[in-house]
Amino acid sequence: VLVFLALIPGAVLAKDSIVLGFSQVGAESEWRTANTQSIKEAATQEGITLKFSDAQQKQENQIKAIRSFIAQRVNVIAFSPVVETGWEPVLREAKAARIPVILTDRAVSVKDESLWLSFLGSDFVEEGRRAAKWLVGYAPIQELAAKGEVNIVELQGTVGSAPAIDRKKGFEEVLKDQPKFKIIRSQTGDFTRAKGKEVMEAFLKAEGKKINVLYAHNDDMAIGAIQAIEEAGLKPGKDVIIVSIDAVKGAFEAMIAGKLNCTVECNPQLGPQLMRLVKDVVAGKQVPRRIVTQESVFPQESAAREFPNRKY
Ligand code: AHR
């Protein structure tokens, strides 16, 4: 059997297989589900043995998973950190065990930058900038700004996470030169539909028809908020202009229904690039310190055309 396997091109014998420990944030959004699927499929495709752990949005679960990967002596550890801070001790343990660490999707904030080898994922600050630039250039909003103020409510992602911090930063950076644009409320919806709906209900209760725009740090929260807006007797996409981030299929469906105005892409399909990186690391090749994913912006008018091409 071993001789037979060795003759199949690309076949990897179990004893030779690279072992990758991957700690995922959770299953909080459509984006995350697509990301997990991409990683699992790519590992199978590349013959990499994947030890996958779901942290259910809790940092302590990720720390436990990484410690268990160290104890199991995996070849490489990769993880998508739920929050930016608090990683030094466990990453020092991985370094002491000489296990290389790759960050995927989200970054960490650590003083000792030698604690991780490479970071593969989106530029979240740029995504925030793209959302704001689209908003400022959107004709109905320009008309509103010509008459008075544009009142924005913001649904932030998980507190302390890189995408929540960076998407806020990028959005505000563009708006600081736009005195008519005001963020009147900003609160976390933890990247979930349920929380997005709940927080939007509270925004509507407090501000009512004063709200002109919703900026949601992901599509799932926007989709939850759309429900809240409809239940309040308002028209999402018209009475409240909505821009969010991810470009998942659910966002395209909402845009086709006229309920979401724009989505900024954040590509979850990181699996193939991650597996390439893992193989290069194990082969002792030098790998890039930062790999940024290429992404687009999809306004409502492009939704019907683009929908059939969407992979997630
Ligand atoms: O880190 C990426 C973000 O996490 C996605 O935008 C969001 O949907 C997910 O939960």
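Residues numbered from 1 in each chain as written. Predicted model: local features only at pLDDT ≥ 70, side-chain atom pairs only at ≥ 80, totals over all residues. Heavy atoms only, no water.

Quick notes on the pattern of salt bridges
Here is the rule we go by: Salt bridges are counted wherever a side-chain nitrogen of Lys or Arg sits within 4 Å of a carboxyl oxygen of Asp or Glu. Secondary structure elements are defined from DSSP: runs of H or I of at least 4 residues count as helices, runs of E of at least 2 residues count as strands, and each element is numbered from the N terminus. Burial status follows relative accessibility: with a 1.4 Å probe on protein chains alone, a residue under 20% of its type maximum counts as buried, one over 50% as exposed, and anything between as partly exposed.
Overall, the coordinates contain 23 salt bridges when judged by the stated rule. A salt bridge links Arg289 to Glu113; the shortest N-O distance between them is 3.6 Å. Taken together, the positions of Arg289 in the loop between helix 11 (271–282) and strand 11 (290–292) and Glu113 in the loop between strand 4 (101–104) and strand 5 (118–121) put the pair 176 residues apart, joining distant regions of the chain. Assessed through its relative accessible area of 43%, Glu113 is described here as partly exposed. Arg130 serves as the salt-bridge partner of Glu126, at 3.3 Å between the closest nitrogen and oxygen. With a gap of four residues between them, Glu126 and Arg130 both fall in helix 5 (residues 124–137), about one helical turn apart.

Some points on the site of the ligand
The condition is simple: Any residue with at least one heavy atom within 4 Å of a molecule or strand is counted as near it. Contacts described as polar in this section are N or O atom pairs within 3.5 Å, which, within protein, must combine one atom able to donate a hydrogen with one able to accept it, while residues neighboring in sequence count only if both atoms come from side chains. Exposure was quantified through the Shrake-Rupley algorithm and a 1.4 Å probe, taking into account, for residues, occlusion by the shown protein chains and nothing else. We call Asp, Glu, Lys and Arg charged. Ala, Val, Leu, Ile, Met, Phe, Trp, Tyr, Cys and Pro are nonpolar, and the rest, Gly among them, are polar.
Taken together, the residues surrounding the ligand are Glu28, Ser29, Trp31, Arg32, Asp105, Arg106, Phe124, Pro163, Arg167, Phe191, Asn218 and Asp246. Separating an oxygen atom of the ligand from a side-chain N or O atom of Glu28 is a distance of 2.4 Å. Between an oxygen atom of the ligand and a side-chain N or O atom of Arg167, the distance comes to 2.8 Å. When the ligand sits alone it has 280 Å² of accessible area, and the protein chains cover 100% of it. Taken together, the elements giving at least two residues each to the shell around the ligand come down to helix 2 (30–46) and helix 7 (162–175). Of the residues belonging to the shell around the ligand, the class tally is four nonpolar, two polar and six charged.

Some details on the pairing of strand 1 (residues 19–24)
Selection rule: The pairing criterion for strands is at least two bridges between them, as found by DSSP. Here is how to tell: hold the view so the strands point away, follow the path from the first strand over the helix to the second, and if it runs clockwise the crossover is right-handed.
A large share of strand 1 lies buried, amounting to six of its six residues. Burial of the side chains of strand 1 extends over both faces: Val19, Gly21 and Ser23 are buried on one face and Leu20, Phe22 and Gln24 on the other. Note: strand 1 against strand 2 (residues 49–54), six bridges, orientation parallel. The residue bridging Val19 from the neighbouring strand is Thr49, located in strand 2. Handedness of the crossover joining strand 1 and strand 2 through helix 2 is recorded here as right-handed.

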